[in-house]
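Residue-level structure breakdown
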Amino acid sequence: MSVFTHLHHDTIAALLAPLNLTLIEAIAATHGIENSNYLLRCQAPNGDPVGRVLTVFEQRPASALPWFARLLAQLEQHGLPVAAPIAVDGEVVLDIEGKKAFLVPWLSGEHVFDVSQQHCRAVGALLGRLHQCPLPTNSDAHRNSERQLLATLATQLPDLPAAEMHAAEKVLRAWEQADGTRCLVHADLFRDNVLFEKADAATRAAPSGLLDLYNACEDLPAYDVAVALNDWAVNADGSFNRPRHDALLEGYASVLPADAAERHLATLPLALTIAALRFYLSRRISQQHALLQPQATGTVSKDPAPFQRMFLLRYQDWIER
């Protein structure tokens, strides 16, 4: 989470006042590259500590936010460990400093970056549960589309080395033709989007938080699994750590009906390649965007080079099948 919009303590305190919460401390968070996030330490009238997270949307259209609020509330009802927006004066889409925001509970747990097989198995199971949840169905839904995003990102292809450009064009054409049953996907399930209750005890890996569903959309489930594998189950050079790779797939299959995982993952080799390409291209854009945000603090862009290497590895694996 990064901070592009800098908020004064009194501004946040005024937002919390209708909830009878006293702001003790607002901590600017530093992971992620799309929104401004503040971790809020508050106090209830009885003196109990209360944690909240304020997300200020920097890029997401305001018209999209009611759909995401409904999605998060629905996932919470289905037992997923998400933080659904809290209403303030009857509104869940909030206004602050001329921007839209969500106020959500501060979920317990920690991020895990030293990943074990147990963590990967738990993440696979979490994805399997997510893929069985419906999307909100309402006529005014403003849905994401990873495929539309890929089409936008593809405008960068002429700037790539010729071999990469031709490989990317081939992969994009194949992905456009890929078919199968679609479902709700997270589309961004990196390590910094899951919390674990026991971050230091791999044998008791239990996800306590599923974060940042603002890229969620409807697509092939293999795409979601591919995004996760490309982060949770890789070595430093982008190759797969096979024990972690297999553990994530085992966890995924463990919560699905018989044979469903096999059907869902029929396009996995191609999905792994397109997922690597997507984050290679989007990180290139983020680097360019960061140059235009001199006031931002925290992590405002991430290095595209690891996903560049990964894309070439996944592409080679795909064409050799």
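The structure reproduced in this document is the subject of the present report. (Residues numbered from 1 in each chain as written. Predicted model: local features only at pLDDT ≥ 70, side-chain atom pairs only at ≥ 80, totals over all residues. Heavy atoms only, no water.)

1. Describing the nonpolar core
- Ranked by size, the top nonpolar core spans 94 residues in total, and within it L75, F102, W175, V225, L229 and W232 carry the most contacts.
- For this core, the element with the highest residue contribution is helix α9 (residues 268–290), accounting for 11 residues.
- Y38, C42, L54 and L94 belong to the second largest nonpolar core, which has 18 residues in total. (Core = buried A, V, L, I, M, F, W, Y, C linked by side-chain atoms within 4.5 Å. Buried < 20%, exposed > 50% of the residue type's maximum accessible area, 1.4 Å probe, protein only. Helix = DSSP H or I, 4+ residues; strand = E, 2+ residues; numbered from the N terminus.)

2. What about the pattern of salt bridges?
- Within the structure shown, the criterion is met by 8 salt bridges.
- Across the salt bridge formed by E58 and K99, the nearest N and O atoms sit 2.5 Å from each other. Here E58 is found in the loop between β4 (49–56) and α2 (65–77), whereas its partner K99 is found in strand β6 (residues 99–105), with 41 residues between them in sequence.
- With a relative accessible area of 23%, E58 lands in the partly exposed category.
- Linking D219 and R147 is a salt bridge whose minimum nitrogen-to-oxygen distance equals 3.0 Å. With D219 in strand β10 (residues 217–219) and R147 in helix α4 (residues 146–153), this residue pair connects regions lying 72 residues apart in the sequence. (Salt bridge = Lys/Arg side-chain N within 4 Å of Asp/Glu carboxyl O.)

3. A few points about the environment of I12
- Mapped onto the fold, I12 is located in helix α1 (residues 9–16).
- Note: C-alpha distance between I12 and T22 (10 residues apart in sequence) is 9.8 Å.
- Each residue touching I12, except ones within four places of it in the same chain, is listed here: L7, L23, A26, Y38, L40 and L54. (Contact = heavy atoms within 4.5 Å.)

4. A closer look at the environment of A205
- Here A205 lies in the loop between β8 (194–196) and β9 (207–210).
- For A205, a relative accessible area of 18% corresponds to the buried category.
- Spatially, the C-alpha atoms of A205 and H119 are 5.5 Å apart, while their sequence positions differ by 86 residues.

5. Observations concerning the side chain of D231
- By the secondary structure assignment, D231 is in helix α6 (residues 221–232).
- When its relative accessible area of 11% is taken as the criterion, D231 is described as buried.
- At a separation of 2.8 Å, a polar atom in the side chain of D231 contacts the main-chain amide nitrogen of R191.
- What D231 contacts, discounting residues up to four positions off in sequence, is F190 and R191. (Polar contact = N/O pair within 3.5 Å; in protein donor to acceptor, adjacent residues only side chain to side chain.)

6. Some points on the side chain of Q74
- Residue position: Q74 is located in helix α2.
- Ignoring anything within four residues of it in the chain, the contact list for Q74 reads P134, L135 and P136.

This is a description of form; function is not addressed.
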